[in-house]
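One letter stands for each residue in the lines below.
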Amino acid sequence: RRIRLELSHPTEADHAADLARVLRGLEGHGWPGVQVPLSVVAGLPKKLRAANFTVVATVAFAPVPTLLRVEPASAPSRNLGLAVDLGSTNIVGALIDLETGETLGERSALNPQVEHGEDILERTHLCLHKGSLERLQALAASAISEIASQLALPAGSAVEDICCVCVAGNTT
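Peer 1: Outline the environment of L136, supporting the account with residue identities and numerical values.
Peer 2: Position of L136 among the secondary structure elements: in helix α4 (residues 132-152). For L136, a relative accessible area of 5% gives the class buried. Linking L136 and C166, residues 30 residues apart in sequence, is a C-alpha distance of 18 Å. Not counting the four nearest positions on each side in its chain, L136 is found in contact with Q113, H116, R123, L126 and C127.

Here you go:
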């Protein structure tokens, strides 16, 4: 969800921290208790001042309300999501405009984990060896990142416009 915030400027009477201003603004829109990652907090001073304290905050619902990004209200990025089906043979991704629900594109690729075993049981047994699980995770993450890049460009967007990713796969 995207929320437009028009925050007060710091004054001698109101010297609240930038994070406190954002959280106060979110609470005013019915979003109490929003968690904020350090990566978002670190960029707040520059972003708030560049936007003259009028910003759009993107908040995710799950697992708890979390502030994903803060950007100028005058030029917000697109609000995109990536839906991924992580199959044992193929990985399929769909780029979704989260404002309209429109599917902007779909791509598929061979799951690079196949090089470590044709079936899921081979890969499961491989994970018993030190470092193998991390290697399989890295292969899947790299393939998903590549699919995201391939989808963003034709949609006229940047990968950074993707604020949410949902991955579904086998639990085997």
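Right, picking up where we left off after that structure.
Peer 1: Any chance you could break down the nonpolar core for me, citing the residues and the numbers?
Peer 2: Nonpolar side chains tend to gather and get buried jointly when the protein is soluble and globular. Within the largest apolar cluster, 17 residues are counted, with the highest numbers of intra-cluster contacts made by L5, V22, L26, L48 and L67. Of all the secondary structure elements, the ones that give two or more residues to this core are β1 (2-6), α1 (18-28), α2 (38-50), β2 (54-60) and β3 (66-72). Judged by nonpolar contacts, the second largest core, of twelve residues, contains L80, L82, I91 and L95.

Peer 1: Residues and numbers for the environment of E99, please.
Peer 2: Positionally, E99 belongs in the loop between β5 (90-97) and β6 (103-110). Beyond its immediate sequence surroundings of up to four residues, E99 is in contact with R2 and N79. A polar atom in the side chain of E99 sits 3.0 Å from the side chain of N79.

Peer 1: An account of the sheet that holds strand β4 (residues 80-86) is needed here, citing residue identities and associated values.
Peer 2: In a beta sheet, neighbouring strands are held together by backbone hydrogen bonds and run either parallel or antiparallel to one another. Spatial strand order, β6-β5-β4-β7: four strands in an open sheet with mixed pairing. At either end of the open sheet lies a strand with only one pairing partner, and these are β6 and β7 (162-169). The sheet shows a mean angle of 15° between the axes of neighbouring strands, direction not considered. Strand direction decides the pairing type here: β4 and β7, joined by seven bridges, are parallel.

Peer 1: Mind laying out α2, listing which residues take part and the relevant values?
Peer 2: Its 13 residues give α2 an end-to-end C-alpha distance of 19 Å, which sits within 8% of 18 Å, the value for a rise of 1.5 Å per residue. In the structure, α2 departs most strongly from a straight axis at L44, where the bend amounts to approximately 50° and where the proline P45 lies between one and four residues downstream. Among all positions of α2, only V40, L44 and L48 are buried. Of the surrounding secondary structure, the elements contacted by the buried residues of α2 are α1, β2 and β3. Residue N52 follows α2 closely and has a positive phi angle near 55°.

Peer 1: Can you tell me about the layout of surface pockets, naming the residues and giving the values?
Peer 2: For the largest pocket, the calculated volume is near 300 Å³. Forming the boundary of the largest pocket are 16 residues, of which L86, Q113, I120, R123 and N170 lie nearest the centre. Listed by contribution, the elements that provide at least two residues to the lining of the largest pocket are α3 (120-126) and α4. A per-element tally of the lining of the largest pocket places α4 first, with four residues. Partitioned by chemical class, the residues of the lining of the largest pocket number six nonpolar, nine polar and one charged.

Peer 1: Go over the sheet that holds β2 with me, naming the residues and quoting the values.
Peer 2: Spatially, three strands are ordered β1-β2-β3 in an open sheet, and the strand pairing comes out antiparallel. With partners counted over all chains shown, the strands left at the sheet margins are β1 and β3, one partner each. On average, each strand axis in the sheet is inclined to that of its neighbour by 30°, with strand direction left out of account. Bridge analysis of β2 against β3 gives six bridges, and the strand direction is antiparallel.

Conventions and cut-offs
Counting starts from 1 at the beginning of each chain's written sequence and moves along it residue by residue. Given that this is a predicted model, residues contribute local features only at a pLDDT of at least 70 and side-chain atom pairs are listed and counted only at 80 or more, while totals for whole chains, interfaces and linings are drawn from all residues. To obtain the side-chain values, all non-hydrogen atoms of the structure were used and water was disregarded. Segments assigned H or I by DSSP are reported as helices when at least four residues long, segments assigned E as strands when at least two residues long, and all are numbered from the N terminus. Only protein chains enter the area calculation, which uses a 1.4 Å probe; residues under 20% of their type maximum are buried, those over 50% are exposed, and those in between are partly exposed. Whether two residues are in contact is decided by their heavy atoms: any pair within 4.5 Å suffices. Here, nonpolar core refers to any group of buried Ala, Val, Leu, Ile, Met, Phe, Trp, Tyr and Cys residues whose side-chain atoms link them within 4.5 Å. Polar contacts, as counted here, are pairs of nitrogen or oxygen atoms within 3.5 Å of one another; within protein the pair requires one atom able to donate a hydrogen and one able to accept it, and residues that are adjacent in sequence qualify only if both atoms are side-chain atoms. In this scheme, strands are said to pair when DSSP sees at least two bridges between them. Helix axes are fitted only over the stretch in contact, all axes being lines through C-alpha atoms; the angle between N-to-C directions runs from 0 to 180 degrees. Expected span of a helix: the number of residues minus one, times 1.5 Å. Note on bend: at a given residue it equals the angle between the axes fitted to the 7 residues ending there and to the 7 starting there. Whether a set of points on the 1 Å grid over the protein atoms alone is a cavity depends on a 1.4 Å probe fitting there but being unable to get out, while an open set qualifies as a pocket with protein on both sides within 12 Å along at least five of seven lines; lining residues are those with an atom within 4 Å of a point. Grid points are joined across faces, edges and corners, and a volume is the space filled by probe spheres set on the points. Gly is placed with the polar residues, together with every amino acid not listed as nonpolar (Ala, Val, Leu, Ile, Met, Phe, Trp, Tyr, Cys and Pro) or charged (Asp, Glu, Lys and Arg).

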